[in-house]
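Topology and contacts: notes
The chain contents come next:
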Amino acid sequence: MPQLNRGIFIVLEGIDGAGKTTQLDLLRQNLEDRGFSVVLSKEPTNGTWGQHIRKLYVNDERMKVTADEEAELFVRDRAEDVALTIQPALDQKKIVIVDRYFYSNLAYQGARGASMDLIREHNACFPVPDLVFLIDLDPQLGTFRIQKYRDESTNAFEKYEELQKVRQIFNTLPDRNIIKITGNKSIEDIQHTILELALDYISQIVL
Ligand code: ADP
Ligand code: TYD
């Protein structure tokens, strides 16, 4: 089994329907097949704050909180995710793959008008990922892929106009760890690209 000399932190980002979950599952499988120990997480989590967040948008109550307050709820959820899952796994020199992280905070709450400087500030205490695979896709295609999200009244996050803004913010984030991946290719093509890049990075960390 390959030994890493430190933990590796990989994040998948992109709009809803971009293919994050699909690629995360494949990446985990491909890395485990090569003998690596992988830990997964997903934000919002199923913890206290994650459940609170879900209630807000399942009940269409998102507008009851300001954009800055909404941003803060995700930060609290992330604090739990880091403390309970991400940091312990990194300390054990595992590969951690997370479906959404603070880049979603910047893109989604930024699109709603929250202060991006404040979001940066409030996320500054969290570990910075080694690699962020940003899967870029037209929101129309993303929404088309997710049939269940077509009824926009049931999920305030799914509004097309807003997702355009979200995509635009994702695409202009200056972070050097972000690798943009074209999302309108086959699942296999995208996985091939992500896996090659991940293995290349990991090979530098193997003892
Ligand atoms: P996300 O986690 O980004 O919301 P998912 O991975 O759940 O997206 O994918 C949304 C839907 O689109 C799923 O039904 C999935 O099978 C499909 N899908 C994912 N990637 C692709 C792709 N590259 N081409 C076509 N369909 C895809
Ligand atoms: P999603 O990954 O779609 O979770 P689920 O599959 O459980 O619905 O995330 C739900 C929404 O949360 C998604 O539209 C993006 C949003 N989000 C933010 O607005 N800010 C954040 O910081 C994060 C992590 C997610």
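Whatever comes next refers back to the structure up there.
Computed from a predicted structure; not experimentally measured. (Residues numbered from 1 in each chain as written. Chains lettered and ligands numbered in written order. Predicted model: local features only at pLDDT ≥ 70, side-chain atom pairs only at ≥ 80, totals over all residues. Heavy atoms only, no water.)

Re the site of ligand 1
Around ligand 1 there are 14 residues in total, and Gly-17, Lys-20, Thr-21, Thr-22 and Lys-185 lie nearest to it. In the environment of ligand 1, an oxygen atom lies 3.2 Å from a nitrogen or oxygen atom belonging to the backbone of Ala-18. Thr-22 is positioned with one of its side-chain polar atoms (N or O) 2.5 Å from an oxygen atom of ligand 1. Coverage of ligand 1 by the protein amounts to 67% of the 560 Å² it exposes when considered alone. For the shell around ligand 1, the elements supplying multiple residues, two or more each, are α1 (20-33) and α8 (187-202). A total of three residues in the shell around ligand 1 trace back to one element, the largest contributor, which is α1. (Near = heavy atom within 4 Å. Polar contact = N/O pair within 3.5 Å; in protein donor to acceptor, adjacent residues only side chain to side chain. Areas by Shrake-Rupley, 256 points an atom, 1.4 Å probe, with all protein chains shown as cover. Helix = DSSP H or I, 4+ residues; strand = E, 2+ residues; numbered from the N terminus.)

As for the side chain of Asp-77
Topologically, Asp-77 is positioned in helix α3 (residues 67-91). Of the polar contacts made by the side chain of Asp-77, one reaches the backbone nitrogen of Gly-50; its length is 3.3 Å. Sequence-distant contacts of Asp-77, that is, excluding residues within four places in its chain, are made with Glu-43, Pro-44, Thr-45, Trp-49, Gly-50 and Ile-53. (Contact = heavy atoms within 4.5 Å.)

With respect to the site of ligand 2
Taken together, 15 residues lie around ligand 2, and Asp-16, Arg-54, Tyr-57, Arg-100 and Gln-109 are the ones closest in. In this structure, an oxygen atom belonging to ligand 2 sits 3.1 Å away from a side-chain N or O atom of Lys-42. Between an oxygen atom of ligand 2 and a side-chain N or O atom of Arg-100, the distance comes to 2.9 Å. Burial of ligand 2 by the protein amounts to 89% of the accessible area it has alone, namely 550 Å². For the shell around ligand 2, the secondary-structure elements that each account for two or more residues are α2 (48-58), α3 and α4 (102-111). By residue number, the principal contributor to the shell around ligand 2 is α4, which donates four residues. When its residues are assigned to classes, the shell around ligand 2 shows six nonpolar, three polar and six charged. (Nonpolar A, V, L, I, M, F, W, Y, C, P; charged D, E, K, R; others polar.)

Focus: the environment of Trp-49
Here Trp-49 shows up in helix α2. In this structure Trp-49 comes out as partly exposed when scored by relative accessible area, which is 26%. Trp-49 has contacts with Leu-73, Arg-76, Asp-77 and Glu-80, leaving out every residue within four places of it along the chain. (Buried < 20%, exposed > 50% of the residue type's maximum accessible area, 1.4 Å probe, protein only.)

Quick notes on unusual backbone geometry
A cis amide bond, omega 0°, links Glu-43 with the succeeding residue Pro-44. Its location among the elements puts Pro-44 in the loop between β2 (38-42) and α2. At Lys-93, a residue that is not glycine, the phi angle is positive and equals roughly 60°. With respect to the helices, strands and loops of the structure, Lys-93 is situated in the loop between α3 and β3 (95-99). Since its relative accessible area comes to 44%, Lys-93 is described here as partly exposed. Despite not being glycine, Arg-100 shows a phi value in the positive range, around 80°.

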